Every structure is written in C-alpha cells, then in structure tokens.
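Breakdown of the fold
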Amino acid sequence: NNHIKYKQAYILIKDMLGKEVQKLPIELNEGVNEVMYSHGYHMTGSFIYTLIIDGKNIQSKQMIFAN
C-alpha cells in the first residue's frame with residue numbers, strides 16, 4: 001500500500017443538529033479505504049459523516065442507523 005502524504009486524517013460524525021458524536025482517527029492509503037464504526041445499539045437515526053484531512057472537509061455523506 002502506498003501512503004498518502006498528510007499530517008492528520010479523521011472521520012467526524014455529527015447528528016442532524018450538528019452536535020459532534022465521535023471523531024475517528026484514520027490512516028489513509030491509495031485506493032479504497034474502509035473504516036469500521038461500532039455505534040452500539042443505543043444509536044438510531046440519521047447522522048452526517050465527514051472525511052477531514054489536515055483540517056479540510058473533503059466530503060460529507062449521510063448514514064442511517066436502525067435497530
């Protein structure tokens with residue numbers, strides 16, 4: 001795997017009101033990257049997750065948890 005040059009990368013998870021739920025530090029490599037997020041069974045609803053690299057918001061998407 002080839003490493004991408006960056007100082008800090010993480011996934012920021014927020015609820016739909018914009019409150020931070022969790023920050024997951026990640027390691028990025030070229031190609032496809034996966035992040036396993038264990039949210040527990042107490043969390044349901046819609047959330048926004050954002051890839052942040054060196055302080056820049058790269059992309060945000062919505063995810064839905066249902067039990």
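Here we summarise the structure given alongside this text. (Residues numbered from 1 in each chain as written. Predicted model: local features only at pLDDT ≥ 70, side-chain atom pairs only at ≥ 80, totals over all residues. Heavy atoms only, no water.)

A word on the overall build of the chain
Let me state the cut-off plainly: Only DSSP runs of H or I covering at least 4 residues are called helices, and only runs of E covering at least 2 are called strands; the numbering of each starts at the N terminus. Throughout, exposure labels follow a simple rule: accessible area from a 1.4 Å probe, protein chains only, divided by the maximum for the residue type, with under 20% read as buried, over 50% as exposed, and the rest as partly exposed. For this analysis, residues touch if any pair of their heavy atoms sits within 4.5 Å. The accessible surface values rely on the Shrake-Rupley method and a 1.4 Å probe; as for residues, cover is taken only from the protein chains in view. Only four residue types enter the tally: Lys and Arg on the positive side, Asp and Glu on the negative side; His and the chain ends are excluded. By convention, the point assigned to a charge is CZ for Arg, NZ for Lys, CD for Glu and CG for Asp.
Looking only at helices and strands, the chain has zero helices and four strands in total. Projected onto its principal axes, the C-alpha positions of the chain cover 35 × 20 × 15 Å. The burial tally for the chain puts 24% of its 67 residues in the buried class. Taking the contacts inside the chain whose residues are at least 6 apart along the sequence as the reference set, 46% of them involve residues at least 24 apart. Of the roughly 5300 Å² of accessible surface on the chain, a fraction of 50% belongs to carbon and sulfur atoms. Between the centroid of the 7 positive side chains of the chain and the centroid of its 6 negative side chains there is a distance of 7 Å.

Digging into the sheet that holds strand β1 (residues 9–15)
To summarise the sheet geometry, strands pair through backbone hydrogen bonds and adopt either a parallel or an antiparallel arrangement. Put simply, the rule is: Strands pair, by our definition, only if DSSP identifies at least two bridges between them. Between the N-to-C directions of two axes lies an angle of 0 to 180 degrees, each axis being a line fitted to C-alpha atoms and, for a helix, fitted only over the stretch in contact.
Here four strands make up an open sheet; going across it, the order is β2-β1-β3-β4 and the pairing antiparallel. Single-partner strands in this sheet number two, and they are β2 (20–25) and β4 (56–65). Mean inter-strand twist for the sheet, computed between neighbouring axes without regard to direction, equals 20°. When strand β3 (residues 45–53) meets β4, the two strands line up antiparallel, connected through nine bridges. Its bridge partner lying in β4, Y49 is registered against K61.

What to know about the side chain of T50
For clarity, the cut-off: Polar contacts, as counted here, are pairs of nitrogen or oxygen atoms within 3.5 Å of one another; within protein the pair requires one atom able to donate a hydrogen and one able to accept it, and residues that are adjacent in sequence qualify only if both atoms are side-chain atoms.
Residue placement: T50 occurs in strand β3. In terms of polar contacts, T50 uses its side chain to reach the side chain of S60, at 2.6 Å. Beyond its immediate chain neighbours, meaning those up to four positions away, T50 contacts Y10, I11, L12, N57, Q59 and S60.

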